[in-house]
Amino acid sequence: EAGVAAPRAVDAGYYSTPTSDPTHATGQAECEASYYCVGGERFPCPAGRIGTHTKRTSSLCSAACPAGYACAEGAPAPVACGSDKVYCPLGGGPTSSGTPLPVDDGFYTTGGSSTTRTGQAACEPGFYCSDGVKS
């Protein structure tokens, strides 16, 4: 049809606009921090990952969530794990849930400070462990 421009691919690191009807997109927008953009679509960075930069094109986003911190899906910044009762391994650990993991019974939390624990260890004989604290 005369006067109608041919469709143009969305640039890497951008998403189609408006997002309400991607089949009739008229423009593109830069992928914001905490998101990654692929094929003209925008997705939140997954739990356990952090997106500190714009124009990301991979679900790996910028980096793994640092140990001692939790990163929920699409979180703009890591949040301190919380207390001795929970821990946050690098990248959220095996579950990558983005939420702190509770310390197991008979274990205490290790690493970091009382609000940024990074792991857990079994309570040694002769010690008492409760709520993530060894005494």
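Just above, that's the structure.
Computed from a predicted structure; not experimentally measured. (Residues numbered from 1 in each chain as written. Predicted model: local features only at pLDDT ≥ 70, side-chain atom pairs only at ≥ 80, totals over all residues. Heavy atoms only, no water.)

**Student:** Whenever I open this one, the pattern of salt bridges confuses me. Can you help?
**Tutor:** The full count for this structure, using the stated rule, is three salt bridges. For E32, the salt bridge is made with R42, and the minimal N-O distance between the two is 3.0 Å. Of this pair, E32 sits in the loop between β2 (27-30) and β3 (35-38) while R42 sits in strand β4 (residues 41-44), and the two are 10 residues apart along the sequence. Notably, a salt bridge pairs E124 with K134, separated by 3.3 Å at the nearest N-O pair. Here K134 lies in strand β14 (residues 133-134) and E124 lies in the loop between β12 (119-122) and β13 (129-130), a separation of 10 residues in the sequence. The exposure class of E124 is partly exposed, given its relative accessible area of 30%. (Salt bridge = Lys/Arg side-chain N within 4 Å of Asp/Glu carboxyl O. Helix = DSSP H or I, 4+ residues; strand = E, 2+ residues; numbered from the N terminus. Buried < 20%, exposed > 50% of the residue type's maximum accessible area, 1.4 Å probe, protein only.)

**Student:** Can you walk me through the state of the cysteines in this structure?
**Tutor:** When the sulfur atoms of two cysteines share a covalent bond, that bond is a disulfide. Summed over the entire model, instances satisfying the criterion amount to five disulfides. Covalently, C31 is tied to C37 through a disulfide, its sulfur atoms 2.1 Å apart. Since a negative S-S torsion denotes a left-handed disulfide, the C31-C37 link at about 85 degrees is right-handed. The class of C31 is buried, set by a relative accessible area of 0%. Residue C123 pairs covalently with C129 via a disulfide, S to S 2.1 Å. Taking the torsion about the S-S bond as the criterion, the C123 to C129 disulfide, at about 85 degrees, is right-handed. (Disulfide = S-S within 2.5 Å.)

Any functional reading would require information beyond the geometric quantities listed.
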